[in-house]
Amino acid sequence: WRFKSGEWSVRRLKLDHRLGFSSDDKGFSLLEVLIAVLIIGFGLLGMAALQLKTVQNSHSAYQRTVASIIAMDATERLWINLADSPAKTSTTIETEWRQVWANALPAAATPSSIESIGAGKWRVSVRWQDNRFTGENAVQTFVYEMDLYQ
């Protein structure tokens with residue numbers, strides 16, 4: 001393994017040529033790294049946007065679940081009222097129901113309601129403001145209908 005200065009440089013160039021490096025490729029790997037960082041940056045930005053959308057949908061699902069519980073409470077109050085003596089009016093039931101659940105969801109301009117739609121059928125409408133992510137006055141409504149058999 002004796003190398004003369006001239007042989008070393010020739011062998012080194014041959015080795016570099018076999019690996020795919022040449023003197024014309026100077027700075028090319030830096031460009032590759034910059035492009036890779038750019039692509040990874042866009043990917044991470046997309047993942048952050050996806051995470052934000054997930055949080056928005058999760059919050060919306062939470063609010064719908066609370067609205068469902070509130071509507072079920074109203075129907076249970078109507079069922080209990082059938083057995084009460086003396087029975088309360090639907091206005092009294094609605095007032096008590098609104099007081100209990102007043103702070104469970106962000107209040108909408110149109111309040112939640114319990115209304116009779118005839119023949120023992122009732123409609124419970126739970127409304128709330130959902131402008132946390134939309135930035136506008138978005139009123140959401142959860143409607144639950146039931147039959148009270150007497």
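Note that the structure is a prediction, hence the values are computed from the model and not measured. (Residues numbered from 1 in each chain as written. Predicted model: local features only at pLDDT ≥ 70, side-chain atom pairs only at ≥ 80, totals over all residues. Heavy atoms only, no water.)

**A few points about the overall build of the protein chain**
Phase 1 of the analysis: Per the secondary structure count, the protein chain includes three helices and three strands.
Phase 2 of the analysis: Going from the N terminus to the C terminus, the protein chain shows its helices and strands as α-α-α-β-β-β.
Phase 3 of the analysis: Sorting the 150 residues of the protein chain into buried and exposed places 21% on the buried side.
Phase 4 of the analysis: For the protein chain, contacts bridging at least 24 residues in sequence account for 45% of all contacts bridging at least 6.
Phase 5 of the analysis: Of the roughly 11,300 Å² of accessible surface on the protein chain, a fraction of 60% belongs to carbon and sulfur atoms. (Helix = DSSP H or I, 4+ residues; strand = E, 2+ residues; numbered from the N terminus. Buried < 20%, exposed > 50% of the residue type's maximum accessible area, 1.4 Å probe, protein only. Contact = heavy atoms within 4.5 Å. Areas by Shrake-Rupley, 256 points an atom, 1.4 Å probe, with all protein chains shown as cover.)

**What about the side chain of T75?**
Phase 1 of the analysis: Structurally, T75 is set in helix α2 (residues 28–83).
Phase 2 of the analysis: For T75, a relative accessible area of 4% gives the class buried.
Phase 3 of the analysis: Excluding residues that lie within four positions of it along the chain, T75 makes contacts with V124, Y144 and M146.

**A closer look at the side chain of R127**
Phase 1 of the analysis: Positionally, R127 belongs in strand β2 (residues 121–129).
Phase 2 of the analysis: The charged side chain of R127 is buried without a salt bridge, its nearest counter-charge being E115 at 5.2 Å.
Phase 3 of the analysis: Apart from residues no more than four positions distant in its own chain, R127 is found in contact with P106, A108, T110, P111, S112, S113, V139, Q140 and T141. (Lys, Arg positive; Asp, Glu negative; His and termini not counted. Salt bridge = Lys/Arg side-chain N within 4 Å of Asp/Glu carboxyl O.)

**Concerning unusual backbone geometry**
Phase 1 of the analysis: Look at the link from S85 to P86: it is a cis peptide, with omega at 0°.
Phase 2 of the analysis: On the secondary structure map, P86 appears in the loop between α2 and α3 (90–100).

**Focus on a nonpolar patch on the surface**
Phase 1 of the analysis: Among the surface-exposed residues, L31, I35 and I39 lie close enough to one another that they form a single nonpolar patch of about 290 Å² accessible area.
Phase 2 of the analysis: On the basis of relative accessibility, which here comes to 57%, the residue I39 falls in the exposed class. (Patch = residues over 30% accessible without salt bridge, like charges linked within 9 Å, V, L, I, M, F, W, Y side chains within 5 Å.)

**Focus: the nonpolar core**
Phase 1 of the analysis: One finds L78, W97, L105, I114 and V126 to be the most contacted residues of the largest nonpolar core, which totals 16 residues.
Phase 2 of the analysis: Those elements that place two or more of their residues in this core are α2, α3 and β2.
Phase 3 of the analysis: Ranked by residues supplied to this core, first place goes to α2 with six residues.
Phase 4 of the analysis: Residues in contact with I114, not counting those within four places in the same chain, are A74, L78, I93, E94, W97, W122 and R123. (Core = buried A, V, L, I, M, F, W, Y, C linked by side-chain atoms within 4.5 Å.)

**Overview of the confidence of the model for the protein chain**
Phase 1 of the analysis: Per-residue confidence for the protein chain gives a mean pLDDT of 80, with 77% of residues at or over 70.
Phase 2 of the analysis: Mean pLDDT across the elements of the protein chain ranges from a minimum in helix α1 (residues 5–19), with 50, to a maximum in α2, with 90. (pLDDT = per-residue confidence, 0-100.)

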